[in-house]
Amino acid sequence: MKIKKWMAVVSAAGLFSGMLLAGLPAGKAMAAGGPPAWAGKYNVQVAGPNTTGAGIMAGAALGRTAGTMNTSVAQFLGMDVSALITARHSGKSLVEIAAEKGISEEQLINFIVSQRSSQIDQLLKDGRITQAQADQCKQIMAERIKANVSRTTVGPNRSGSAGRNAGRGA
């Protein structure tokens, strides 16, 4: 019985130290301000340093609270969510779909910005983000929304990630 416990402890210690040793080169590279060596080898983009941390935290809180905008945008465009998703999967951008409904790109962007702004304000009111995080989110939001409503691809936008300086790769 003692041997089994001893073996379990030794195995756990070996696994833990292996994980530490495997993470050491990546941690050193990130601390030096660059991506780990394996990032280029596997064509992986690694987020750069986030100087404030505000974007990551606020973006994560907003995503958990708001989720996708499909329902709101579909209602704004006067269509159901499944029709919106089908149109997006066929290769149309939100701007193209809105134009078919007689809604300009500016109207669409203003609608989405107002929806997200109210969600950010609610997170701030609930104490889930700070004023600095809310300000940072609102500062970059319109630019990102403009780029995203013109996208014809579906799924997460992999050109950047949550937070300032994110998405800088090897």
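Residues numbered from 1 in each chain as written. Predicted model: local features only at pLDDT ≥ 70, side-chain atom pairs only at ≥ 80, totals over all residues. Heavy atoms only, no water.

**Digging into the overall build of the chain**
Then step 1. Broken down by element type, the chain carries eight helices and zero strands.
Then step 2. When the helices and strands of the chain are placed in sequence order, the string is α-α-α-α-α-α-α-α.
Then step 3. For the chain, long-range pairs separated by at least 24 residues make up 63% of all intrachain contacts whose partners lie at least 6 apart in sequence.
Then step 4. Of the roughly 11,000 Å² of accessible surface on the chain, 60% is carried by carbon and sulfur atoms. (Helix = DSSP H or I, 4+ residues; strand = E, 2+ residues; numbered from the N terminus. Contact = heavy atoms within 4.5 Å. Areas by Shrake-Rupley, 256 points an atom, 1.4 Å probe, with all protein chains shown as cover.)

**Points about the environment of Asn 110**
Then step 1. By secondary structure assignment, the location of Asn 110 is in helix H7 (residues 105-125).
Then step 2. Under the relative-accessibility criterion, Asn 110 is labelled partly exposed at 46%.
Then step 3. Along the chain, Asn 110 and Ile 145 lie 35 residues apart, while their C-alpha atoms are 9.5 Å from each other. (Buried < 20%, exposed > 50% of the residue type's maximum accessible area, 1.4 Å probe, protein only.)

**Concerning the confidence of the model for the chain**
Then step 1. Summing up the model confidence of the chain, the mean pLDDT is 72 and the portion of residues at 70 or higher is 56%.
Then step 2. Averaged pLDDT values over the elements of the chain bottom out at 46 in helix H3 (residues 54-66) and peak at 94 in helix H6 (residues 94-100).
Then step 3. Every residue in residues 38-67 is under pLDDT 50, and counting partners more than four places away or in other chains gives 59 contacts. (pLDDT = per-residue confidence, 0-100.)

**What to know about the packing of helix H4 (residues 70-77) against helix H5 (residues 81-89)**
Then step 1. Between H4 and H5, the shortest axis-to-axis distance is 9 Å and the interhelical angle comes to 100°. Put simply, H4 runs roughly perpendicular to H5. On H5, the residues touching Asn 70, Thr 71, Val 73, Ala 74 and Leu 77 of H4 are Val 81, Leu 84 and Ile 85. (Axes fitted to C-alpha atoms, helices over the stretch in contact; angles between N-to-C directions. Parallel < 35°, antiparallel > 145°, perpendicular 65-115°, else oblique.)

**Examining the pattern of salt bridges**
Then step 1. Evaluation of the coordinates by the stated rule reveals three salt bridges.
Then step 2. Of the charged contacts, one joins Lys 146 and Glu 105 as a salt bridge, the two residues approaching to 3.5 Å between their closest N and O atoms. Here Lys 146, found in helix H8 (residues 131-149), pairs with Glu 105, found in helix H7; they are 41 residues apart in sequence, far enough to count as distant.
Then step 3. Judged by its relative accessible area of 27%, Glu 105 falls in the partly exposed class.
Then step 4. Asp 121 is paired through a salt bridge with Lys 138; the nearest N and O atoms lie 2.4 Å apart. Of this pair, Asp 121 sits in helix H7 while Lys 138 sits in helix H8, and the two are 17 residues apart along the sequence. (Salt bridge = Lys/Arg side-chain N within 4 Å of Asp/Glu carboxyl O.)

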